[in-house]
Amino acid sequence: MSNINLVVMGKTGAGKSTLINAVLEEDLAPTGSGQAVTRKNHLYTKKMLLPLDKRKSEDGCYGLVSKTLNLYDTVGLEIDSTITQSTLHEIKGFISKAQNNENQSDLSLVWFCVSCRSSRFESYEIELIRSLSIEHEIPFLIVLTQCYSGEQGELERQIRKDFPEIPIARVLAKEYK
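Residues numbered from 1 in each chain as written. Predicted model: local features only at pLDDT ≥ 70, side-chain atom pairs only at ≥ 80, totals over all residues. Heavy atoms only, no water.

1. A few points about the confidence of the model for the protein
Low pLDDT marks stretches whose predicted atomic positions should not be read closely. So the rule is basically this: Think of pLDDT as the predictor's per-residue confidence, scored from 0 to 100. Numbering of helices and strands runs from the N terminus; a helix is a DSSP stretch of H or I covering at least four residues, while a strand is a stretch of E covering at least two.
Put simply, the protein has an average pLDDT of 80, and 85% of its residues get 70 or more. Mean pLDDT values for the elements of the protein range from 75 in helix α2 (residues 81–101) up to 91 in strand β5 (residues 140–147).

In structure tokens:
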């Protein structure tokens, strides 16, 4: 696998850019609190050494492999319908381009970010995931961001009920760590 193509999408304020900065180990994507900071979709590319396996080798080191991470940071989905439709069009274009240029060993994935502070999973989010995952046959991972607990809450239970087949990852908030 030489490329990992990730589309990072979700509502405004879900922590998409903060997550990208954490993964890339650099403050490349502008972040803020309260208001939308990402005003247009942006691709961040970085070559990184990633662990091959969680198990240590005989010499006590983890195996590392060089990969190119392509993280596509998107505008929040509910800013306004025109921007949302434009964002979705660009996401579909990015996904199609990545799939057309993929080597057999490349990985493409959508990280759909949902803030743990949200009270519910919106119906338009459910429809969007169903539409993109079926239309483009691309795997999704739902990323619960800004979590202050490792325990499953009501929001996560709702998402698991709507999408039992999609894995969920919980990311603890910076302040919690």
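2. Observations regarding helix α4 (residues 154–162)
Keep this limit in mind: Only protein chains enter the area calculation, which uses a 1.4 Å probe; residues under 20% of their type maximum are buried, those over 50% are exposed, and those in between are partly exposed. What the arc describes is the spread of directions from the helix axis to the C-beta atoms. Contact between two residues is taken to exist if any of their heavy atoms lie within 4.5 Å; hydrogens are not considered.
Along α4, the residues that are buried comprise Leu155, Glu156, Ile159 and Asp162. Buried residues of α4 fall within an arc of 125° about the axis and therefore sit on the same side. Facing away from the buried side of α4, by more than 90 degrees, are the exposed residues Glu154 and Lys161. If you follow the buried residues of α4, they end up packed against β4 (107–115), α3 (123–136), β5 and β6 (168–172).

3. Notes on the state of the cysteines
By definition, a disulfide links the sulfur atoms of two cysteine residues through a covalent bond. Just so we agree on the cut-off: The disulfide criterion is simple: two cysteine sulfur atoms within 2.5 Å.
Evaluated as defined, the whole model comprises one disulfide. Two residues, Cys116 and Cys147, share a disulfide whose sulfurs are 2.2 Å apart. Torsion about the S-S bond of the Cys116 and Cys147 cystine: about 45°, corresponding to right-handed handedness. Placement of the pair is Cys116 in the loop between β4 and α3 and Cys147 in strand β5, with a sequence separation of 31 residues. With a relative accessible area of 29%, Cys116 lands in the partly exposed category.

4. Quick look at the pattern of salt bridges
For clarity, the cut-off: Between Lys or Arg on one side and Asp or Glu on the other, a salt bridge is scored when a side-chain nitrogen of the former is within 4 Å of a carboxyl oxygen of the latter.
The full count for this structure, using the stated rule, is seven salt bridges. With its nearest N and O atoms 3.7 Å apart, the salt bridge here joins Lys11 to Glu122. With Lys11 in the loop between β1 (3–10) and α1 (16–24) and Glu122 in the loop between β4 and α3, this pair connects stretches of sequence that are 111 residues apart. Each member of the pair, Lys11 as well as Glu122, carries the same accessibility label: buried. One salt bridge connects Glu154 with Arg157, and the closest N-O pair in it is separated by 3.6 Å. Taken together, the residues Glu154 and Arg157, both in helix α4 and three residues apart, mark about one turn of the helix.

5. Section: empty space enclosed by the protein
Selection rule: Throughout, the protein atoms alone are placed on a 1 Å grid, and a set of points is a cavity if a 1.4 Å probe fits but cannot get out or a pocket if it is open with protein on both sides within 12 Å along at least five of seven lines; lining residues have an atom within 4 Å of a point. Grid points are joined across faces, edges and corners, and a volume is the space filled by probe spheres set on the points. Residue polarity is assigned by list, with Asp, Glu, Lys and Arg as charged and Ala, Val, Leu, Ile, Met, Phe, Trp, Tyr, Cys and Pro as nonpolar; anything else, Gly included, falls into the polar class.
Tallying each qualifying case throughout the model produces one cavity of 30 Å³ or more. If you trace the largest cavity, you find it lined by Asn5, Val7, Phe94, Ile95, Ala98, Ser108, Leu109 and Ile138. Listing elements by their share of the lining of the largest cavity, those giving two or more residues are β1, α2 and β4. Top element by residues in the lining of the largest cavity is α2. It accounts for three residues. Taken together, the residues that form the lining of the largest cavity break down as six nonpolar, two polar and no charged.

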